[in-house]
Amino acid sequence: MSADFGPQTQAHGVYSVAGEQPRVGVRLQDEAGDVVVDVSALADRAGLPWAEALSAPSLNPFMAAGPRVWAEHRRWLDGLLGLDGPVPDAVRDASHALDDGSRAVRLHLPFEVADYVDFYSSRDHAENLGAMFRPGQPPLTPAWTHVPIGYHGRAGTVVVSGTGVRRPVGQVRAPGAEHPEVVASRRLDIEAEVGFVVGVGSALGDSVPLERFADHVFGVCLVDDWSARDLQAWEYVPLGPFLGKSFATSVSAWVTPLSSLEHARLPAPAREHPVQDYLDDSAQPWGLDLHLEVRLNGHVVSRPPFARMYWTAAQQLAHLTVNGASLRTGDLFASGTVSGAQRDERGSLIELSWNGEQPLELPDGTTRTFLSDGDEVVITAWAPGPGGTRVGLGEVAGRVEPAR
Ligand code: CA
């Protein structure tokens, strides 16, 4: 099996080594190890016009350069990273080990998050949550099969993988209680999601049609949308998620370019109704065959299949802008929790434990309904790549810290 971060993947991130400014790097895994390649220095040496953008402490300037530069950069990286031959010595010399345990390399939030939108596009997840939050009513709202449902999240609390997540405090009302109380959340959960990162913005008043998706979206990251279910249940009617979600959203330190996922494209599942013209993706489907894995304290608890998502990212972007809302470099929109039809394919603990009624058993003999202090959740994913290789999406990890 090939490495998930071989030369076919070209995952971009922002890193620093002691005493130096953060800059853009590309991850490379091969028989020689797992490294970050200093593409900023190599591009400067090669006199590439976009070298300065790669010296920035975020991916935003490079992403803003647009799809022609992304394509030229990719052709340059194909040679540099040894896609068709050995890795040049100059590249080895400009690399820093990620796996030597010395923690000499620090990974930063890879892009400055402009706006953050979170969708709700897994039918399995939406039906599961609907059944739990609104028992006795149809699990899907009437709009769900017509519009990609979403909400605007909090860009300022998006954190990079590895950042500790403090258990939030907030207002909840216990089942059967007359009055609410302010407590540390007792139902802290995860949501395993895939995020899409906008490189090229759009003008206020314009829409981004489906066929322009890849002109605007640079790449894909993994997202853990931490959720306090008890806060959420009390506050969410009628305007949707608020403080139950806004305390932290974790993203992977690596953004895998959309151009690395050509071999993962497939049609989305059949629609229940014909969709509106602006959402009709039959000519250019953007379903993606991504395989997620969720680990709780090192133990795999779920393998959510992204290929089952009802709405694709291209449809989400078309919907996000159909009213003329503009895009900015660094906008992040996430898929919504990825869940499949099977129990071991559900992307949240509220589904895995069925609202806390069916605790999960872990190999250490403990059980979980929701997260305990000290628990660590790690989400990884891969996609089929060229010639039987795999394309990795960077991991997103977080450990729960006790409430203040
Ligand atoms: Ca979510």
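Structural notes, computed from the coordinates. (Residues numbered from 1 in each chain as written. Predicted model: local features only at pLDDT ≥ 70, side-chain atom pairs only at ≥ 80, totals over all residues. Heavy atoms only, no water.)

### Some thoughts on the overall build of the protein chain
No. 1: Looking only at helices and strands, one finds 11 helices and 26 strands in the protein chain.
No. 2: The C-alpha atoms of the protein chain give 21 Å as radius of gyration, which agrees with the globular expectation for 404 residues (22 Å, within 12%).
No. 3: With the C-alpha coordinates of the protein chain rotated into their principal frame, the extents come out at 70 × 50 × 35 Å.
No. 4: Contacts in the protein chain between residues at least 24 apart in sequence constitute 72% of all its contacts with a sequence separation of at least 6.
No. 5: Entry remark: accessible area of the protein chain is about 17,200 Å², with carbon and sulfur atoms responsible for 51%.
No. 6: Measuring between centres, the 32 positive side-chain charges of the protein chain sit 4 Å from its 51 negative side-chain charges. (Helix = DSSP H or I, 4+ residues; strand = E, 2+ residues; numbered from the N terminus. Rg over C-alpha atoms; globule rule 2.2 N^0.38 Å. Contact = heavy atoms within 4.5 Å. Areas by Shrake-Rupley, 256 points an atom, 1.4 Å probe, with all protein chains shown as cover. Lys, Arg positive; Asp, Glu negative; His and termini not counted. Charge placed at Lys NZ, Arg CZ, Asp CG, Glu CD.)

### Notes on the pattern of salt bridges
No. 1: Taken as a whole and judged by the stated rule, the model has 23 salt bridges.
No. 2: D4 is paired through a salt bridge with R390; the nearest N and O atoms lie 2.9 Å apart. One end of the pair, D4, is in the segment before β1 (12–17); the other, R390, is in strand β26 (residues 390–401), and 386 residues separate them in sequence.
No. 3: The salt bridge involving D124 is made with R308; its shortest N-O contact spans 3.0 Å. Placement of D124 in helix α6 (residues 123–133) and of R308 in the loop between β21 (299–302) and α10 (313–321) is noted, with a sequence separation of 184 residues between them.
No. 4: You can call D124 buried: its relative accessible area is 15%. (Salt bridge = Lys/Arg side-chain N within 4 Å of Asp/Glu carboxyl O. Buried < 20%, exposed > 50% of the residue type's maximum accessible area, 1.4 Å probe, protein only.)

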